[in-house]
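Inside the fold
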Amino acid sequence: MDLDPAQILLLGIPLAAITVYLPYMVVAYGRFQVGFDPSAPRALFDKLPDFAKRATWAHQNSWEVFALFVAGALMVYVTDKASATTSITVLLFLVARFLFSVFYILDLPWLRSPMWLVSIVCTAILMSTSLSGS
């Protein structure tokens, strides 16, 4: 499968959406460990193991960054500025977001925080590319 840069931008959006939900699968595992109560799903949070609490926070942070990434990717797409650079930026963003969640769940903040920064820089690159002249 040979994708052009515009297709990589668009494919990056659903793949980024998947990175939002990956940590939530860990939350689901934690819920089943402590006995899920469907009548009070949010009340269960205090009973979750620490790794599942961190997975919840990773999931919540992923939503925040996802919104910015989608805006950046669509800005590049509609301005017709997709390139090899934007393709690499999208791929780097996806890797950084996946690793962010892994490091968050494993409680490795010295690795998690740089992955957050990489994902924000990638989003800024996409947005600035769309706003650049020519």
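Look up: the structure comes first, before these words.
Presented here is an overview of the structure given in this document. (Residues numbered from 1 in each chain as written. Predicted model: local features only at pLDDT ≥ 70, side-chain atom pairs only at ≥ 80, totals over all residues. Heavy atoms only, no water.)

Let us look at the overall build of the chain. Each helix and strand in the chain was counted, giving 4 helices and 0 strands. Mapped in sequence order, the helices and strands of the chain form the string α-α-α-α. Its C-alpha atoms give the chain principal-axis dimensions of about 55 × 30 × 25 Å. Relative to its full complement of 134 residues, the chain shows a buried share of 38%. For the chain, the computed accessible surface area is about 7,500 Å², with 69% contributed by carbon and sulfur atoms. (Helix = DSSP H or I, 4+ residues; strand = E, 2+ residues; numbered from the N terminus. Buried < 20%, exposed > 50% of the residue type's maximum accessible area, 1.4 Å probe, protein only. Areas by Shrake-Rupley, 256 points an atom, 1.4 Å probe, with all protein chains shown as cover.)

What follows deals with unusual backbone geometry. The backbone of D80 shows a phi angle near 55°, a positive value even though the residue is not glycine. Along the chain, D80 turns up in the loop between helix 2 (50-78) and helix 3 (84-105). Using a relative accessible area of 69% as the deciding quantity, one classes D80 as exposed. In this model, D107 sits at a positive phi of 60°, which is unusual for a non-glycine residue. Note on placement: D107 falls in the loop between helix 3 and helix 4 (109-131).

Below, the discussion takes up the packing of helix 1 (residues 5-34) against helix 2. Two numbers describe how helix 1 lies on helix 2: the axes approach to 9 Å, and their chain directions differ by 170°. Judged on the interaxial angle alone, helix 2 and helix 1 are roughly antiparallel. Classifying every residue of the contact of helix 1 with helix 2 gives 25 nonpolar, 7 polar and no charged. (Axes fitted to C-alpha atoms, helices over the stretch in contact; angles between N-to-C directions. Parallel < 35°, antiparallel > 145°, perpendicular 65-115°, else oblique. Nonpolar A, V, L, I, M, F, W, Y, C, P; charged D, E, K, R; others polar.)

Turning our eyes to something else, we now look at the side chain of S119. If you trace the backbone, S119 turns up in helix 4. S119 has contacts with V65, F93, A96 and R97, leaving out every residue within four places of it along the chain. (Contact = heavy atoms within 4.5 Å.)

The terminal C-alpha atoms of helix 1, which comprises 30 residues, lie 45 Å apart, in line with the 44 Å expected from a rise of 1.5 Å per residue. Along helix 1, the sharpest kink reaches roughly 25°, centred on I13 and followed within four residues by the proline P14. The elements touched by buried residues of helix 1 are helix 2, helix 3 and helix 4. One side-chain oxygen of the residue at the start of helix 1 lies 2.9 Å from the amide nitrogen of A6, identifying that residue as D4. Directly after helix 1, the chain includes G35, whose backbone phi takes a positive value near 95°. (Expected span 1.5 Å × (residues − 1). Bend = angle between axes of the 7 residues up to and from the residue. Polar contact = N/O pair within 3.5 Å; in protein donor to acceptor, adjacent residues only side chain to side chain.)

All we've got here are geometric facts, nothing functional implied.
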